[in-house]
Amino acid sequence: MKALKGNIIFTASSEKFEVYENSYLVESEGTIVGIFKELPSHLKGIEVDNFGDSLIIPGFVDMHLHAPQFQNMGLGLDEELLQWLEKYTFPEEAKYSNEQYAKRLYTNLAKELWRNGTTRVSLFSSIHRNGTEILMDVVSRAGIGAFVGKVNMDRNSPDFYVESTEESLASTEEWILATKDKYNLVKPIITPRFVPACSVKLMKGLAKLSEKYNLKMQSHLSENESEIQWVSELHPEFGSYTEVYDGMNLLTENTIMTHAVHNTPEEIELLAKRNVFIAHCPNANYNLSSGIMPARKFLDAGIRVGLGTDIGAGHQIGIYKVMSRAVQSSKMNWLNSGKVERCLTMSEAFYMGTKGGGEFFGKVGSFESGYSLDALVIDDENLGDRDFRSIEERLQRFIYCGDDRNITKRYVAGKLLSEPV
Ligand SMILES: [Zn+2]
């Protein structure tokens, strides 16, 4: 057992922050036991890591990141989605057939995740099985919890970066068998890239693999208007983009759909009915002029929404940066909706980037008893006067004005993480 001592703040619900000043967060075997102002007599004598006036917050959860796009982060962001994929993304992802390259770049990515306090992440790899296993090894060694997906693509893809349907399904199943029980905190996830790049046979085959091995799934939905138009041309037999995925059995309570910028009320109803998770990636939506995601509509429909950096369409790896962008984006949405759809509050944005996305990983993203002790220690001394600010104000200031230098410690499942090498 051990305790972390400091100013503890988290969101058990999206409505408000829970604050425990100068208190003890106690864990046993990686799981939170409780929060105490003073240690009760039976806990006296346990190891205490005292962080003084620092903040202690849950680790950040990134629901959507393309690991092989880390190297071209920030490039070509004056393009739109489909042009950007062709010019920048596919050529870069194709390089991950080279194992040396994969190892070097994925290690750099793990360092940046560590630096920015991402303790759980759902990753897209490339179409390469070996590169995907290298990514899983690297992330597991770093101590970060992750779902990692070998990407599947068998149509409308460049000649240098495509698989046949049979190849794609066979190598995916081999990869699942090789990795599903190999790691503690890292698991495979079924990852059809998106409808335009996956045939019906491939999508249905992947849904079957998910069922056979009880695996989670992730993909992209309704990011950009040209993409949505393309999907309707490819699948006139379905009423919407969302219905295509539903027809392939890919919408379940264990699925993350990323973006969901442009959806009809009927699609939102279907997503709610299937209890899908949505990864909201406002940085990417701005960068590729995809649009303003109406997060409030999804929350009002009772849909679970987490945050994603969407590296490399997103340009910032810290989820705290995505929290502030989600609030900014919701303010534009409020204006666009005729001031009807309320802006996100800070507690809602923080919840999305911790417990909201964390639910996909289990009991993650909160400091309630029974949750995994995934925590960050934030030293905000350089950010301004602390004496006259509440703990909540100090957290807001870190989210908007802080950076990775303010994060001084990272814990996953009770274990202190050191910098990946
Ligand atoms: Zn993406």
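Residues numbered from 1 in each chain as written. Predicted model: local features only at pLDDT ≥ 70, side-chain atom pairs only at ≥ 80, totals over all residues.

(A) Representation of the overall build of the protein chain within the structure. Helix and strand counts for the protein chain stand at 13 helices and 17 strands. Here the C-alpha radius of gyration of the protein chain, 21 Å, is about what a compact globule of 421 residues would show, namely 22 Å. Counting only C-alpha atoms, the protein chain reaches 65 × 50 × 35 Å along its principal axes. Counting every position in the protein chain, which comprises 421 residues, the buried fraction comes to 52%. Counted over contacts in the protein chain with a minimum sequence separation of 6, partners at least 24 positions apart contribute 76%. (Helix = DSSP H or I, 4+ residues; strand = E, 2+ residues; numbered from the N terminus. Rg over C-alpha atoms; globule rule 2.2 N^0.38 Å. Buried ≥ 20, exposed ≤ 12 C-beta atoms within 10 Å, placed from the backbone. Contact = placed C-beta atoms within 7 Å.)

(B) Spatial organisation of the nonpolar core. Leu25, Leu135, Val139 and Met323 are the most contacted members of the largest nonpolar core, which has 118 residues in total. Among the elements that make up this core, the one with the highest residue count is helix α2 (residues 99-115) (seven residues). If sequence neighbours within four positions are ignored, Leu135 has contacts with Ala67, Ala102, Tyr106, Leu123, Ser125 and Val148. (Core = buried A, V, L, I, M, F, W, Y, C linked by C-beta atoms within 7 Å.)

(C) Examining the sheet that holds strand β3 (residues 31-36) more closely. The seven strands lie next to each other as β3-β2-β1-β4-β15-β16-β17, forming an open sheet whose pairing is mixed. The two strands at the open ends of the sheet, each matched to only one other strand, are β3 and β17 (415-416). Sheet topology places strand β1 (residues 2-13) next to strand β2 (residues 16-28); nine bridges connect them, and they run antiparallel. Paired with Lys2 across the two strands is Glu27, which belongs to β2. (Pairing = 2+ DSSP bridges.)

(D) Highlighting the domain arrangement of the protein chain. In terms of domains, the protein chain is made up of domain 1 (2-59 + 366-416) and domain 2 (60-361). A C-alpha centroid distance of 29 Å is found between domain 1 and domain 2. At the junction of the two partners, domain 1 supplies 22 residues and domain 2 supplies 24 residues. Per-element tally for the side of domain 1 that touches domain 2: the top contributor is helix α13 (residues 391-401), with four residues. Of the residues contributing to the side of domain 1 that touches domain 2, the split by class is 10 nonpolar, six polar and six charged. (Domains from an automatic or database assignment. Nonpolar A, V, L, I, M, F, W, Y, C, P; charged D, E, K, R; others polar.)

(E) View of the packing of helix α11 (residues 319-336) against α13. Packing of α11 against α13 brings their axes to within 7 Å, and their N-to-C directions diverge by 95°. Taken as axis vectors, α11 and α13 run roughly perpendicular relative to one another. Listed contacts from α13 to Tyr320, Met323 and Ser324 of α11 are Phe398, Ile399 and Tyr400. Class assignment for the residues of the contact of α11 with α13 results in five nonpolar, one polar and no charged. (Axes fitted to C-alpha atoms, helices over the stretch in contact; angles between N-to-C directions. Parallel < 35°, antiparallel > 145°, perpendicular 65-115°, else oblique.)

(F) View of the sheet that holds strand β13 (residues 277-280). The four strands are arranged β11-β12-β13-β14 in an open sheet whose pairing can be described as parallel. Each edge of the open sheet is held by one strand with a lone partner, namely β11 (217-221) and β14 (304-307). Within this sheet the neighbouring strands show an average axis-to-axis angle of 30°, counted without direction. When β11 meets strand β12 (residues 255-259), the two strands line up parallel, connected through five bridges.

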